[in-house]
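Spelled out, the chains give:
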Number of protein chains: 2
Amino acid sequence: MKKKQSIVSSDQGNESQTTHEGTLDAINKRIVALLQEDGRRSYVSIGKEIGLSEAAVRLRVQKMLDDGVMQIVAVTNPMEMGFRRQAMVGITVDGDIEYVAQKLKDIRQIDYIIITAGRFDILAEVFAEDDESMLELVNRQIRKIDGIDRTELFTYMRLESQRYDWGVR
Amino acid sequence: MKKKQSIVSSDQGNESQTTHEGTLDAINKRIVALLQEDGRRSYVSIGKEIGLSEAAVRLRVQKMLDDGVMQIVAVTNPMEMGFRRQAMVGITVDGDIEYVAQKLKDIRQIDYIIITAGRFDILAEVFAEDDESMLELVNRQIRKIDGIDRTELFTYMRLESQRYDWGVR
DNA sequence: AGTGAAACGACCGTAGA
DNA sequence: TCTACGGTCGTTTCACT
């Protein structure tokens, strides 16, 4: 529902929480770090820990959410959701990459795709209930897309330390 | 801090929220879907939307968090955090995979590693401030690890539709 | 950007079905 | 596993710095 707010840099002498390069100030980093542990932690308790009033914490969090610096969301565990197979699919394209990318995005069992430089043109992370439906997905859905040359499957044997804390460690 | 609670399936005629296969019941799916939009949405407002009391929603969310079905966390945007380069590194190992995996996990700029079957033994997602520090990371940190045979870098040109909603679409 | 205070709303534990 | 309810705590708004 929320749109990224248009930021007119109000050059009126107030020190910004984010620099032009997009790095956060020390206070925001601490706030983000705490919210990465528990996204529902109250502003009051965060404020107590870092020595700021509840309102100050809340305004900072709101600004970071509005600016698209972070989001606070439920992240599900694929295993617990009944998806026992995950894989990365390396794809080489001999047609229109944008077209292929669009078609891939329409597939429900792909959670993200990456346009890359290297041996592959696209990497797509896929999940499936079991080996059977993983094969079905790759052979009947992905490989059928016009413009796909080859696919190569990297089945996940084990996923270590999935984290969501880019840049705040 | 929280441990996954041991589930003794109390076969006393109460319909469970999770089946043995780990899929959620319809109510929990709706709750998760709403929390994927806004992880801080109040239990009261969720309850109103799905026709359940605040306490019922709260108990269900608590159970899903305790069971490791989902987590509610802040997810940062690497770009906004000043990390303008992301890449997947494909790694082949000629030594001890566990040792290599452990060493990789200690590197701050790796957010997750995947043990795979296929051309590579390990896939690692890495991020860096710029090309310079990406090269430094791969050449000076990753390639120096004992037991690593070859590495292959897939630089992200564009990341499409990163989502965190496995299985609830 | 930040504080403090008052009114309101959400959350939590528990009792009862 | 649900609802109802009362006590406590968190959030919101606003005036002030």
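Residues numbered from 1 in each chain as written. Chains lettered and ligands numbered in written order. Predicted model: local features only at pLDDT ≥ 70, side-chain atom pairs only at ≥ 80, totals over all residues. Heavy atoms only, no water.

**Structural notes on the UniProt feature "domain: HTH asnC-type" (unreviewed entry) in chain A**
Note the following rule: UniProt positions are given in the numbering used here, feature names are shortened, and annotations may be inferred rather than shown by experiment. Numbering of helices and strands runs from the N terminus, with a helix taken as a DSSP run of H or I at least four residues long and a strand as a DSSP run of E at least two residues long.
Per the UniProt record, "domain: HTH asnC-type" (unreviewed entry) is annotated on residues 24-84 of chain A. Along residues 24-84 of chain A the backbone is 54% helical and 11% strand, and the end-to-end C-alpha distance reaches 37 Å.

**Here we look at the interface of chain A and chain B**
For an interface, size is often stated in terms of accessible area lost upon the parts coming together. As a reminder of what qualifies: In what follows, residue pairs with any heavy atoms lying within 4.5 Å of each other are defined as contacts. For any pair of parts, buried area is found by adding up, for both, the accessible area (1.4 Å probe) each one loses once the two are put together. Salt bridges are defined by distance alone: a side-chain nitrogen of Lys or Arg within 4 Å of a carboxyl oxygen of Asp or Glu.
Residue-level contacts link 69 residues of chain A with 69 residues of chain B. In total, about 6,500 Å² of surface goes out of reach between chain A and chain B, with carbon and sulfur atoms giving 53% of it. The interface formed by chain A and chain B includes 4 salt bridges. Put simply, Arg119(A) and Glu152(B) hold a salt bridge, and the shortest N to O gap is 2.6 Å.

**A short note on the domain arrangement of chain A**
In plain terms, the rule: Note that the domain bounds reflect an automated or database-derived domain assignment.
Looking at the assigned domains, one finds that chain A contains domain 1 (26-67) and domain 2 (78-155). Placing a centre on the C-alpha atoms of domain 1 of chain A and another on those of domain 2 of chain A gives a separation of 37 Å.

**Side note on the pattern of salt bridges**
All names here are of chain B. This is how the line gets drawn: The buried label goes to any residue with under 20% of its type's maximum accessible area, the exposed label to any with over 50%, and the partly exposed label to all in between, with areas taken from a 1.4 Å probe on protein chains only.
Tallied over the full model, the rule gives 14 salt bridges over all chains. The partner of Arg-85 in a salt bridge is Asp-131, and the shortest N-O contact between them spans 2.6 Å. Of the two residues, Arg-85 sits in strand 2 (residues 85-93) while Asp-131 sits in helix 5 (residues 131-142), which places them 46 residues apart along the sequence. For Asp-131, a relative accessible area of 46% gives the class partly exposed.

**Some remarks on the protein's contact with DNA strand D**
The following threshold applies: Any residue with at least one heavy atom within 4 Å of a molecule or strand is counted as near it. Within 3.5 Å is the distance limit for a polar contact, defined as a pair of N or O atoms, with the added protein rule that one can donate a hydrogen and the other accept it, and that residues adjacent in sequence qualify only through two side-chain atoms.
Of all residues adjacent to DNA strand D, which total 12 residues, the nearest are Tyr43(A), Glu54(A), Arg58(A), Ser53(B) and Arg60(B). Across the atoms of DNA strand D situated within 4 Å of the protein, the share located in sugar and phosphate is 76%. For DNA strand D, a phosphate oxygen lies 3.0 Å from a polar atom in the backbone of Tyr43(A). Between DNA strand D and Ser53(B), the relevant distance is 2.5 Å, taken from a phosphate oxygen to a side-chain nitrogen or oxygen of the residue. Only helix 2 (43-50) and helix 3 (54-66) of chain A together with helix 3 (54-66) of chain B provide two or more residues apiece to the surface near DNA strand D. Tallying contributions element by element places helix 3 of chain B first for the surface near DNA strand D, with 3 residues.

**Some thoughts on the packing of helix 1 (residues 26-37) of chain B against helix 3 of chain B**
All names here are of chain B. Counted only if it meets this: Every angle, taken between N-to-C directions, lies between 0 and 180 degrees, and every axis is a line fitted to C-alpha atoms, over only the stretch in contact when it is a helix. These descriptions rest on fixed angle ranges, namely under 35 degrees for roughly parallel, over 145 for roughly antiparallel, 65 to 115 for roughly perpendicular, and the rest for oblique. Each residue is assigned to one class: nonpolar for Ala, Val, Leu, Ile, Met, Phe, Trp, Tyr, Cys and Pro, charged for Asp, Glu, Lys and Arg, and polar for all the others, Gly among them.
Two numbers describe how helix 1 lies on helix 3: the axes approach to 11 Å, and their chain directions differ by 80°. Looking at the two axes, helix 1 sits roughly perpendicular to helix 3. Contacts between helix 1 and helix 3 involve Ile-27, Asn-28, Ile-31, Val-32 and Leu-35 on the former and, on the latter, Val-57, Arg-60, Val-61 and Met-64. Here the residues of the contact of helix 1 with helix 3 are counted per class, giving 7 nonpolar, 1 polar and 1 charged.

**A closer look at a negative patch on the surface**
Residue and element names in this part refer to chain A. Convention followed: Residues enter a patch when their relative accessible area is above 30% and they make no salt bridge; the linking distance is 9 Å between like charges and 5 Å between nonpolar side chains (Val, Leu, Ile, Met, Phe, Trp, Tyr). Only the protein chains shown count as cover for residues, with accessible areas throughout obtained via the Shrake-Rupley method and a probe of 1.4 Å. Under this rule, positive means Lys or Arg and negative means Asp or Glu; His and the chain ends count for nothing. Each charge is placed at NZ for Lys, CZ for Arg, CG for Asp and CD for Glu.
On the surface, a cluster of negative charge is made up of Glu-129, Asp-130, Glu-132 and Glu-136. Within the secondary structure, Asp-130 is located in the loop between strand 4 (122-128) and helix 5 (131-142). Judged by relative accessible area, Asp-130 falls into the partly exposed class, the value being 33%.

**Notes on the relation of the copies chain A and chain B**
The second copy of the chain is related to the first by a rotation about an axis and a shift along the axis. Spelled out, the test is: Here the copies are matched by least squares. The fit uses the C-alpha atoms of residues with pLDDT of at least 70 in both.
The two copies are related by a screw motion: chain A maps onto chain B through a turn of 180° and a shift of 0.1 Å along the axis, at an RMSD of 0.2 Å. The two molecules are tied by a two-fold rotation axis, judged by turn and shift.

**Observations regarding the pairing of strand 5 (residues 148-160) of chain A**
Note on strand geometry: in a regular strand, side chains alternate between the two faces of the sheet. Convention followed: Strand pairing is assigned whenever DSSP identifies at least 2 bridges connecting the two strands.
Pairing between strand 2 (residues 85-93) of chain A and strand 5 of chain A: 7 bridges, direction antiparallel. Counterpart to Ile91(A) in the pairing with strand 5 of chain A is Thr151(A).

**Topic: the packing of helix 2 of chain A against helix 3 of chain A**
Between two packed helices, the angle of one axis relative to the other and the distance separating the axes together describe the packing. Residues and elements named next belong to chain A. Where helix 2 meets helix 3, the axes come as close as 8 Å, and the angle between the chain directions of the two elements is 110°. Regarding the angle of helix 2 to helix 3, the classification is roughly perpendicular. Between helix 2 and helix 3, the contacting residues are Tyr-43, Val-44, Ile-46, Gly-47 and Ile-50 on the first element and Glu-54, Val-57, Arg-58 and Val-61 on the second. Residue classes in the contact of helix 2 with helix 3 are distributed as 6 nonpolar, 1 polar and 2 charged.

**Description of the confidence of the model for chain A**
The predicted coordinates of low-pLDDT regions are not to be read in fine detail. For the record, the criterion: Every residue carries a pLDDT, the predictor's confidence in it, which falls somewhere between 0 and 100.
The predicted model of chain A averages 85 in pLDDT, with 82% of residues at 70 or higher. Confidence drops under a pLDDT of 50 for residues 1-15 of chain A, and excluding neighbours within four residues, the segment shows 9 contacts in the predicted structure.

**Focus: the packing of aromatic side chains**
Here is the rule: Stacked, edge-to-face and tilted are the three classes for Phe, Tyr and Trp ring pairs, Trp counted by its six-membered ring, which pair at centre distances within 6.5 Å; planes under 30 degrees apart are stacked, over 60 edge-to-face, the rest tilted.
Overall, the coordinates contain 6 aromatic pairs over all chains when judged by the stated rule. Centroid distance Phe120(A) to Phe154(A): 6.0 Å. Interplanar angle 75°. Geometry classified as edge-to-face. Of this pair, Phe120(A) sits in the loop between strand 3 (110-117) and strand 4 while Phe154(A) sits in strand 5, placing them 34 residues apart in sequence. The exposure class of Phe120(A) is buried, given its relative accessible area of 1%. Since its relative accessible area comes to 1%, Phe154(A) is described here as buried. Chaining the aromatic ring pairs together yields one cluster made of Phe120(A), Phe154(A), Phe120(B) and Phe154(B).

**Notes on the sheet that holds strand 4 of chain A**
If you walk around this closed barrel you meet the 8 strands as 2(A)-4(A)-3(A)-5(B)-2(B)-4(B)-3(B)-5(A), and the pairing is antiparallel. The sheet shows a mean angle of 35° between the axes of neighbouring strands, taken without regard to direction. Lying on the sheet, helix 4 (residues 97-105) of chain A is in contact with strand 2, strand 3, strand 4 and strand 5 of chain A together with strand 5 (148-160) of chain B; it crosses strand 3 of chain A at an angle near 160°. In the packing of helix 4 (residues 97-105) of chain B onto the sheet, contacts are made with strand 5 of chain A together with strand 2, strand 3 (110-117), strand 4 (122-128) and strand 5 of chain B, and the angle to strand 3 of chain B comes to roughly 160°.

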